[in-house]
2 protein chains.
Amino acid sequence: MAIKYVYYFGAGKADGNGSMKNLLGGKGANLAEMAGHPDLRLPVPAGFTITTDVCTYFYANKRKYPAELKGQVDTALRKVEQAMGKKFGDPSNPLLVSVRSGARRSMPGMMETVLNIGLTSKTIPGMIAKTGGNERFVYDAYRRLITMYADVVMEKAAGIEHEEGMGIRQQLDRLLDAKKRERGVRNDTELTAEDLKDLCAAMQQKIQDVLGKKFPDTPQEQLWGGIGAVFASWNGKRAVAYRNIEGIPHDWGTAVNVQSMVFGNLGESSATGVAFTRSPATGENHFYGEYLVNAQGEDVVAGLRTPAPINAESSSEHNQDMETLQKLMPAVYKQLFDIQKRLEEHYKDMQDIEFTIENGTLYMLQCRVGKRNGPAAVRMAVEMVKEKLITKEEAVLRVTADQLDELLHPILDPAAERQQTAIAKGLPAGPGGSRGQIAFTAEEAVQAAKEGRDVILVREETNPEDVAGMRAARAILTARGGMTSHAALVARGWGKCCVVGCGGIEIDLRGRRMIVGGKSYGPESWISLNGTRGLVYEGKMNMVEGGANEFLAQFLKICDAVRRLKVRTNADTPADARRAREFGAEGIGLFRTEHMFYGENCDQPLNRLRRMILAPDRQSRIEALNELYSYVKADIKATLEAMDGLPVTIRLLDPPLHEFVPHEEQKLADIALDLGISMDAARKRAETLKETNPMMGHRGVRLGVTYPEVTEMQVRAILEAAAELIQDGKKALPEIMVPVVAESREMATQFDLIAKVHKEVCAAKGIRKIPHLAGTMIEIPRAALTAGELAETAQFFSFGTNDLTQMSFGFSRDDIGGFLPEYLEKGILPADPFQTLDQAGVAELVQIGIQRGRATRPDLKVGICGEHGGDPESVKFCHRVGMDYVSCSPFRVPIARLAAAQAVVEEAAAAAGKKKPAKKSGSSKTKGRG
Amino acid sequence: MAIKYVYYFGAGKADGNGSMKNLLGGKGANLAEMAGHPDLRLPVPAGFTITTDVCTYFYANKRKYPAELKGQVDTALRKVEQAMGKKFGDPSNPLLVSVRSGARRSMPGMMETVLNIGLTSKTIPGMIAKTGGNERFVYDAYRRLITMYADVVMEKAAGIEHEEGMGIRQQLDRLLDAKKRERGVRNDTELTAEDLKDLCAAMQQKIQDVLGKKFPDTPQEQLWGGIGAVFASWNGKRAVAYRNIEGIPHDWGTAVNVQSMVFGNLGESSATGVAFTRSPATGENHFYGEYLVNAQGEDVVAGLRTPAPINAESSSEHNQDMETLQKLMPAVYKQLFDIQKRLEEHYKDMQDIEFTIENGTLYMLQCRVGKRNGPAAVRMAVEMVKEKLITKEEAVLRVTADQLDELLHPILDPAAERQQTAIAKGLPAGPGGSRGQIAFTAEEAVQAAKEGRDVILVREETNPEDVAGMRAARAILTARGGMTSHAALVARGWGKCCVVGCGGIEIDLRGRRMIVGGKSYGPESWISLNGTRGLVYEGKMNMVEGGANEFLAQFLKICDAVRRLKVRTNADTPADARRAREFGAEGIGLFRTEHMFYGENCDQPLNRLRRMILAPDRQSRIEALNELYSYVKADIKATLEAMDGLPVTIRLLDPPLHEFVPHEEQKLADIALDLGISMDAARKRAETLKETNPMMGHRGVRLGVTYPEVTEMQVRAILEAAAELIQDGKKALPEIMVPVVAESREMATQFDLIAKVHKEVCAAKGIRKIPHLAGTMIEIPRAALTAGELAETAQFFSFGTNDLTQMSFGFSRDDIGGFLPEYLEKGILPADPFQTLDQAGVAELVQIGIQRGRATRPDLKVGICGEHGGDPESVKFCHRVGMDYVSCSPFRVPIARLAAAQAVVEEAAAAAGKKKPAKKSGSSKTKGRG
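Cut-offs used in this document
- Residues numbered from 1 in each chain as written.
- Chains lettered and ligands numbered in written order.
- Predicted model: local features only at pLDDT ≥ 70, side-chain atom pairs only at ≥ 80, totals over all residues.
- Heavy atoms only, no water.
- Helix = DSSP H or I, 4+ residues; strand = E, 2+ residues; numbered from the N terminus.
- Rg over C-alpha atoms; globule rule 2.2 N^0.38 Å.
- Buried < 20%, exposed > 50% of the residue type's maximum accessible area, 1.4 Å probe, protein only.
- Pairing = 2+ DSSP bridges.
- Contact = heavy atoms within 4.5 Å.
- Axes fitted to C-alpha atoms, helices over the stretch in contact; angles between N-to-C directions.
- Least-squares fit on C-alpha atoms with pLDDT ≥ 70 in both.
- Buried area = accessible area lost by both parts, 1.4 Å probe.
- Salt bridge = Lys/Arg side-chain N within 4 Å of Asp/Glu carboxyl O.
- Polar contact = N/O pair within 3.5 Å; in protein donor to acceptor, adjacent residues only side chain to side chain.
- Core = buried A, V, L, I, M, F, W, Y, C linked by side-chain atoms within 4.5 Å.
- Right-handed = clockwise from strand over helix to strand, strands pointing away.
- Phe/Tyr/Trp six-rings, centres within 6.5 Å; stacked < 30°, edge-to-face > 60°.
- Lys NZ or Arg CZ within 6 Å of the ring centre and 35° of its normal.
- Lys, Arg positive; Asp, Glu negative; His and termini not counted.
- Arc of directions from axis to C-beta.
- Left-handed = near helix turned anticlockwise from the far one by under 90°.
- Nonpolar A, V, L, I, M, F, W, Y, C, P; charged D, E, K, R; others polar.

Engineer: How should I be thinking about the overall build of chain A in this particular structure?
Structural biologist: Across its full length, chain A holds 35 helices and 34 strands. In terms of overall dimensions, chain A is globule-like: its C-alpha atoms have a radius of gyration of 33 Å, near the 30 Å expected for 930 residues. Dimensions of chain A, computed from C-alpha atoms along their principal axes, come out at roughly 105 × 65 × 50 Å. Every one of the 930 residues in chain A was classed for burial, and the buried ones make up 59%.

This is the structure in structure tokens:
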């Protein structure tokens, strides 16, 4: 049996269906589903999909096709002809087709498209006849075909290099401009049929001159040229770069969709549009879309004309005066409205659809899960659960961590905004606020990011070549384009602050300035954007943390209902503790005692700590410790109280002592005086404390072993604080954590001290027992390996994956600047291991630690307190390996709650064999896009 | 059935045998073997052994005995009485017994002994009668019993504390001294029977006065007092301290040996002696021993009188004028000679025997495997193999690494020795040379060692209280004592330089000076010792490395025949390489390219390296590299040539670049000038290179990734050097090693460069292929974990256990000074993990690395190049885990060859289930003591 390479769709039936994305690509599978699924059978222009297998074959066989392909294409083309009642290349009733790419995962704008294939000197007359003598339309279509084909097929796919600005497309565009100048008109639409006919001839001549080849004049040659160009574009520079950024495998390949052309630009009863079944910007459950009368689909996406709203709900300040589709063509709108309803019910998710109306007839050109911003994703998830469209488990997969993060993003300070008037207003394409200096090109933005400067990329409009600069910029501002323009789509996908279609700005690219209201802004100027409202301000405005959204709390409750992993926070002060509880923290996973000596208002305790450190002998150290004691205790007590009985893991003094030694001579002198030692002695002591590799030096438990009095002071502060709270009728649950442990016996010395102090405090307070746990941090490779022994006495483990990563890799985090960027760039490491837990090494140590620890003590409490506790993939890992909780910074708590819930659902799916849990970083971005 | 607690021996039969050391202790088992084994049946005074089980019971039951013990002791005593024809407590024919300790492993002098038990007011007359009216002898024996018993039983075992110098023994000794003064005599022997009788009475009175108890006057009370005192002494301070040092478990317990007294001090036909079946100092195969006429055994060991040689072969400069036993009592000597022959043949090892001649009758009191020094151990092992007494496999277990080390020990520079006359001469008790300032007490020696000063402990004679000081000192010098004195035994066991019985020196302890030839030497004075010849020199003499011994080469050949593990060396220069081959190295396991920039005569290359490091851009770096190239290549070429085709593992640049930046401003300025950059730029570049934790910073392969030109230069130097040698008809086998690898992809970048340069060099030299391997160091925990991936391209692994230990523990080796000593002291770690490979953590990573590496590449070559490669226990570990080779410093190569051979034998024994391979460090000390 021959392999099936070509899948027909159209006229209520299809060879494929929506589940065949790997073979047909997303677009092809959805076209088949829309055309053929019994629930849908939508008016899809007939066509066929050439499978991704052909792409694979193409690259494996020196860009040749399988022998069977030609015949299968011919057969499918016959079916299309039948369905459409036209014939490809027929002089009297010609079929025109488009050739488009379609990968498994959408790569918007990254591959090539050729439209109007089938227009030749032979078919043009028939086409004119079939469009009621619309000669102008036909030559306009021909002009578009020639331009696209020359660019995509004859130049790019042929691998022809050219100088900057000398590409065939630019040369052909210049002919168009020349013709407009010659005719004294501004818009293409003002050119006559005759003008266009001349232009087509001139373009063909130019192609012959520049590329040395004739523009092909047979439909078959055009068709196969288009197919080859799409396959070739899979390995185009932009596509490869995009896949690298998005983590899409290079061997997936693209499918090619060949589909009958329908025309939205046949006159006033034709139109084209893009719509969403719910608002992709807010998530509101209303049909939302934009359309252009007498236009091709490209015109909407390109943002060249400002589109009109399809209905009242879709109107904005920018297009509220324009006529809606609902008013203009009520019957077609009704049909479209019903279709979108059926599509959402069918796919159980918000759909992004493209349609064309040709002479009053509606055609569905595409449907796919619609991209949305974070607030919209959250609201849809919550409302779809309420509508019983989806389950809670499905809902948690509908919001990515990045989307949730958008809601937590900083915004411009509302107070500051109230005092200033916006200099311009555009479309709110990406929420949150941002500020930066102006970058006028993608290159400038990339360079600025390298230098650590915040910039906003300001462009007339963006295109796929700008992607790196868009990523590097803090925010994006465009003068043109709508909510579905390139800039808007890309920014939304990344959760980046973005304002598009901001007509009030004028960009002078050569002069590197932006002119707004007659005032000029250069590369040094600061501007601020409110991406949620589409506002542009002059200057560097204050920012504040993102405000919660009414749906956020509901969504996180859904997550809480699904997840099993607890989420704690890292907090070092009572204020942190209170804030973290607001974010939903269920305890503190890391309270760093030493942090009370950093920051503001800590001169007093810090000085006392320094006295303790520089003390010449044990006696003066104990005196200094006694003075320090009250500060430590007060802080711990307030934190325990704020957490109201939720567990608080308090880490004993961790950093090397030298970190606290004052650098200023005067401060050192003061302490020396205070301690009654000479300045020389103080300097000598400070010198003694210096270390070659302080990260691996005399710190953590090693300090506790050599200076047991330091441990005693801290433990006494913790236990007395707890005892006093309990005696006041309050709740307190301290978990005392010994850091930097490499060997069970060193930990045991500290546990002995804890037991001793516990006894003493109980006796002093007349209390039988103070509830507390004693455990250790697992942050040294050897601790993970000897976890079985550690668990003999440790009641909990907390994985300190920051240090564990440092030591597993031998990477000093302070010193990776010299090589890590190059490692990431060269792909030596897939991700910064300090951001996403390294699966090949560190994760194994974590697993070994848990497994051996639980083998000794089955009820061992296990958590993580490195920064990975706030990284979604790492949180999922923590769930999979059976941790009890993760602990992260307060602002990451919601992210962790979501990731923990997703982990449950993914685990169930994996268990059911339906789906493997995501292993690669970045793959979470595709969750919820079905 | 009652448990058997008491084992009889004597008169040609015994309840136990030599294999029962755990139950009967070493001494008891050997007494049983000597008395009862059909091949031996030697004249052993009858007695019995109370088992170590009783000791265990004693400590588990508040110092009570099992109920059955009394009856079993009585029964055994009856058998002894029968055998000896005497009765315990019999007024007319009394049996006297000794009570001695006897643990599984010898703990010389650490536990208590009581002699002459059974002498009471009732038995004294009978004893006098039985000794032919030798009243003086009997009261002398009684005096000894009283002194020992009062000290050991009535004071120490009773736990009575006393002030310094006020112990009962000292008080009784003072009575003896008073009596001698009163009688105007110098020696004990000059006191009359009457004097001694008075003395005994005075002593008994003193005991009553001081201890408030009567000296017991019944044999039974004396016997049980003695037994209890021996059991009590197992947990005496000295014994506990000794076990801690030697790693002897505290729960083993001691046995108690009760044995009939025989007397070497009954007159001129009585004698006592200690002998060895071969010379313990040289290993020569002749009967060697010392004896004293009319003396008790203690007199020989205590070194109070200089003993005579038993035969001509045993005579030395010190006793060559004394009459030998062979001459004095030819028949007894003949009997003794035969016995020692049979003993050595029976035990197949050199025996240390104690004998007593009572009125012309020979008694064997003890036999055990004799301690020996390194040269003797090596010679005996070699000769016993030649004699077919033992196999090669047995031979390699007969020499410990420490003993072998003695042969490799430094000695005084022979040239210097020739130019100086010794100030004193003593017995050569511990080989090698040493020099140091004088410590007059053990405390001083310990203190000096703490301060890092080299001292020689100079004592009248040493005793077990001095052990810590003996250990701390570089060498030991005593004024008294023979080759079997405490100082000699202990020093020999440790392979420490030692001179004993140096009569020419006079020690003024109070004045803290040593007087030799009228000249005074204080604590500041330096002296030098030749422990191989027994010479003492004034001043701090030059030292040189230990010379090889004719048997060493033969012994190492035996090791080579047994071992499987290859032994390579770490060498950084052609000179090192040549020396290492002399030591038997089979390749270089670590050649550190950067070391050619350290040390003398390397200003030129170092400056060029510095230029390379400080180069402002890639171009000037390449220029500096080109200049550096010739130095690197010349060094590598000479090293490859020296190794003549043996593999040479060359590590690419490892340390962080900042290590090479000059500290002096002038040098930096010179380089800046040379590079044509400003001093500011040079300083800035140097500053940029500084790191917080350089050990985990931008070094090793990370440099190779970011500065590929540095790798290229080195690889080119290596491959060109090899190519040129091969073209000259010589052999060369470089193994290029990439250091600090954490991830296979970073290693792969370097392998790509190696392949590229290989191609280029081959082309340039017109050669098809240059033999070489490409591999990596496993020194980062993650490398061990991802070894499976690394082995996909790496052809060899070399475990860099120094860094692996640093990162597994999170211990910066430069910074452990603040806590590691305390860790070792408190027993938190059993050993310095940088000396002996940590079994609980690092070893597991090594095992994981090998296992995963070999799973991918079964023929993966695996070695170790950390300092552990020269540590015997670690070498054995390397053998067990299947490494191909170890690499260590040149001087440790023989040790590694030995350890590798022992590993084979121990493995076979473990496989045969006879014996577990030694796991604890230090246990190798007991090998060959059977």
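Moving on from the model shown.
Engineer: Quick question: what am I supposed to make of the sheet that holds strand β11 (residues 308-309) of chain A here?
Structural biologist: Two strands in a sheet stick together by hydrogen bonds in their backbones, pointing the same way (parallel) or opposite ways (antiparallel). Residues and elements named next belong to chain A. Taken in spatial order, the five strands line up as β11-β10-β9-β12-β13 in an open sheet, and their pairing is antiparallel. Whereas interior strands pair on both sides, the edge strands pair on one side only; in this sheet they are β11 and β13 (361-369). Both strand β9 (residues 271-276) and strand β10 (residues 288-293) contribute to a ladder of six bridges, which runs antiparallel. Across the sheet, Val-274 pairs through a bridge with Glu-290, a residue of β10. Of the strands in this sheet, β12 (351-358) and β13 are in contact with helix α12 (residues 330-347), which crosses β13 at around 25°.

Engineer: Quick question: what am I supposed to make of the relation of the copies chain B and chain A here?
Structural biologist: Two copies of the chain are present, and they differ by a rotation about an axis and a shift along that axis. Superposition record for chain B on chain A: RMSD 0.3 Å, screw rotation 179°, translation along axis 0.1 Å. Taken together, the turn and the small shift mark the pair as related by a two-fold rotation axis.

Engineer: Sorry if this is basic, but what is going on with the interface of chain B and chain A here?
Structural biologist: Interfaces are often sized by the accessible area lost when the parts come together. In this assembly, 46 residues from chain B lie in contact with 46 residues from chain A. Carbon and sulfur atoms make up 57% of the area that chain B and chain A hide from each other, which totals about 4000 Å². Residues Arg-852 of chain B and Glu-844 of chain A are paired through a salt bridge, measuring 2.4 Å at the closest nitrogen-oxygen approach. Viewed at the interface, chain A and chain B are joined by 28 residue pairs in polar contact (both at pLDDT 80 or more).

Engineer: What should I look at first to understand the nonpolar core in this one?
Structural biologist: Soluble globular proteins: nonpolar side chains tend toward being buried together. Formed by 265 residues in total, the largest nonpolar core has its most connected members in Phe-797, Phe-799 and Met-883 of chain A together with Phe-797, Phe-799 and Met-883 of chain B. In this structure Phe-797 of chain A touches Thr-776, Ile-778, Ala-787, Leu-790, Ala-791, Gly-849, Gly-853, Leu-860, Lys-861, Val-862 and Gly-863 of chain A, once residues within four positions along its chain are discounted.

Engineer: Honestly, the pairing of strand β17 (residues 433-439) of chain B in this entry has me stumped. Any pointers?
Structural biologist: Looking along a regular strand, one sees side chains alternate from face to face of the sheet. Residue and element names in this part refer to chain B. In terms of burial, β17 is a largely internal element, six of the seven residues being buried. Judged from the five bridges that link them, β17 and strand β24 (residues 526-530) form a sheet pairing that is antiparallel. By the bridge assignment, Gly-433 is partnered in β24 with Asn-530. Pairing geometry for β17 and strand β18 (residues 455-459), over three bridges, is parallel. Among the inter-strand pairings, Ile-438 is bridged to a residue of β18, identified as Ile-456. Between β17 and its parallel partner β18, the chain crosses via helix α17 (residues 442-450), and the hand of that crossover is right-handed.

Engineer: How do you make sense of the side chain of Glu-81 of chain B when you look at a structure like this?
Structural biologist: Residue and element names in this part refer to chain B. Looking at where Glu-81 falls in the secondary structure, it is placed in helix α3 (residues 69-84). A distance of 2.8 Å separates polar atoms of two side chains, one belonging to Glu-81 and the other to Arg-78. Residues in contact with Glu-81, not counting those within four places in the same chain, are Lys-86, Lys-87, Phe-88 and Leu-95.

Engineer: Please clarify how the packing of aromatic side chains should be interpreted in this entry.
Structural biologist: Aromatic ring pairs are reported here in terms of the distance separating the ring centres and the angle at which the planes meet. In total, this model carries 35 aromatic pairs over all chains according to the counting rule given. An aromatic cluster of three or more residues is present, and its members are Phe-58, Tyr-59, Tyr-65, Trp-224 and Phe-231 of chain A. Looking at Arg-568 of chain B, its charged tip hangs above the ring of Tyr-885 of chain B, at a distance of 3.8 Å from the centre.

Engineer: Got a minute to help me understand the pairing of strand β21 (residues 505-508) of chain A in this structure?
Structural biologist: All names here are of chain A. What you see with β21 is a clean split: Ile-505 and Ile-507 sit on the buried side and Glu-506 and Asp-508 on the side with no burial. Of the strand pairs in this sheet, β21 and strand β22 (residues 513-516) are connected by four bridges, and their pairing is antiparallel. The residue of β22 that forms the bridge with Ile-507 is Met-514. Taking the residues that link successive antiparallel strands as the turn, the β21-β22 hairpin has four residues, and the phi of Arg-512 there is positive, at about 45°.

Engineer: I'm lost on the side chain of Lys-27 of chain A in this one. Help?
Structural biologist: All names here are of chain A. Relative to the assigned elements, Lys-27 resides in helix α1 (residues 21-36). Summary of buried charges: Lys-27 has no salt-bridge partner, and the nearest side chain of opposite charge, Glu-354, is 5.0 Å away. Residue contacts for Lys-27: discarding those within four places in its chain leaves Arg-100, Ser-101, Gly-102, Asn-257 and Gln-366.

Engineer: I'm lost on the pattern of salt bridges in this one. Help?
Structural biologist: Any two side chains of opposite charge can pair, so long as their charged atoms come close to each other. Counted by the stated rule, this structure contains 133 salt bridges over all chains. Its salt-bridge partner being Arg-143 of chain B, residue Asp-140 of chain B comes within 2.6 Å of it at the nearest N-O pair. Residue Asp-140 of chain B and its partner Arg-143 of chain B are located together in helix α5 (residues 135-156), separated by three residues, close to a single helical turn. Connected through shared salt-bridge partners, Glu-112, Asp-151, Lys-156, Arg-169 and Arg-238 of chain A make up one network.

Engineer: Mind showing me how you'd approach the sheet that holds strand β19 (residues 475-478) of chain A here?
Structural biologist: Residue and element names in this part refer to chain A. The strand order β15-β25-β24-β17-β18-β19-β20-β16 describes an open sheet built from eight strands, whose pairing is mixed. Edge positions in the open sheet fall to β15 (424-425) and β16 (427-430), since each of these has one partner strand only. Two elements, β19 and strand β20 (residues 497-500), share three bridges in a ladder whose sense is parallel. The partner of Ala-475 across the bridge, within β20, is Cys-497. Along the sheet face, helix α17 (residues 442-450) touches β17 (433-439) and β18 (455-459) and points at about 180° away from the line of β18.

Engineer: Where do I start with α17 of chain B in this structure?
Structural biologist: Side chains that are three or four residues apart share a direction in an α-helix, a result of its 3.6 residues per turn. Residues and elements named next belong to chain B. Looking only at α17, the buried set comprises Ala-442, Glu-444, Ala-445 and Ala-448. Buried positions in α17, seen along its axis, are confined to an arc of 160° and lie on one side of it. Projecting away from the buried face of α17 at angles above 90 degrees are the exposed residues Glu-443 and Lys-450. Contacts made by the buried residues of α17 are with β17, β18 and α18 (467-472). In the segment just after α17, Gly-452 is the residue with positive phi, at about 80°.

Engineer: Please explain the environment of Asp-466 of chain A as it appears in this structure.
Structural biologist: Residues and elements named next belong to chain A. Of note, Asp-466 is situated in the loop between β18 and α18 (467-472). Placed 21 residues apart in sequence, Asp-466 and Ala-445 show a C-alpha to C-alpha distance of 9.7 Å. Every residue in contact with Asp-466, bar those within four places of it in the chain, is listed here: Ala-442, Arg-459 and Glu-461. Polar contacts involving the side chain of Asp-466 include one to the side chain of Arg-459, which spans 3.3 Å.

Engineer: Explain helix α34 (residues 872-880) of chain A here, please?
Structural biologist: All names here are of chain A. In terms of residue burial, α34 counts as a mostly covered element, since eight of its nine residues are buried. Buried residues of α34: Pro-872, Glu-873, Ser-874, Val-875, Lys-876, Phe-877, Cys-878 and His-879, and no others. One or two residues past the end of α34 sits Gly-882, with phi positive at roughly 85°.

Engineer: What is the right way to look at unusual backbone geometry in this model?
Structural biologist: Across the chain, the bulk of peptide bonds are trans and the bulk of non-glycine residues have phi less than zero. Residue and element names in this part refer to chain B. A positive phi angle, near 45°, is found at Arg-41, a position not held by glycine. Relative to the helices and strands, Arg-41 is located in the loop between α1 (21-36) and β3 (47-50). Phi at Lys-388 takes a positive value of approximately 60°, unusual for a residue other than glycine. For Lys-388, the position within the fold is in the loop between α13 (374-386) and α14 (392-397). Classification of Lys-388 as exposed rests on a relative accessible area of 75%.

Engineer: Explain the packing of helix α6 (residues 168-183) of chain A against helix α7 (residues 193-211) of chain A here, please?
Structural biologist: The angle between the axes and the distance between the axes are what describe a pair of packed helices. Residue and element names in this part refer to chain A. Where α6 meets α7, the closest approach of the two axes is 10 Å, and the angle between their N-to-C directions is 145°. Judged by the sense of rotation from one axis to the other, the crossing of α6 with α7 is right-handed. Residue-level contacts link Ile-168, Gln-171, Leu-172, Leu-175, Leu-176, Lys-179 and Arg-183 of α6 to Asp-195, Asp-198, Leu-199, Ala-202, Met-203, Lys-206, Ile-207, Val-210 and Leu-211 of α7. Here the contact of α6 with α7 is composed, by residue class, of 10 nonpolar, one polar and five charged.

Engineer: How should the packing of helix α23 (residues 618-643) of chain B against helix α27 (residues 708-727) of chain B be read in this particular structure?
Structural biologist: Residue and element names in this part refer to chain B. It is at 8 Å that the axes of α23 and α27 come closest, and there the two elements cross at 35°. For the pair α23 and α27, the crossing hand works out as right-handed. Here Arg-618, Arg-621, Ile-622, Leu-625, Leu-628, Tyr-629, Val-632, Lys-633, Ile-636, Lys-637, Leu-640 and Glu-641 of α23 come into contact with α27, specifically with Glu-709, Val-710, Met-713, Arg-716, Ala-717, Ile-718, Glu-720, Ala-721, Ala-722, Glu-724 and Leu-725. Looking at the contact of α23 with α27 residue by residue, the classes come out as 14 nonpolar, no polar and nine charged.

Engineer: Teacher, can you tell me more about the environment of Lys-70 of chain A here?
Structural biologist: Residue and element names in this part refer to chain A. The topology assignment puts Lys-70 in helix α3 (residues 69-84). According to the relative accessible area criterion, Lys-70 is partly exposed, its value standing at 40%. Through-space distance from the C-alpha of Lys-70 to that of Trp-224 is 9.4 Å; in sequence the pair is 154 residues apart. Leave out the neighbours within four places in its chain, and Lys-70 touches Gln-220 and Trp-224.

That is the geometry; function is a separate question.
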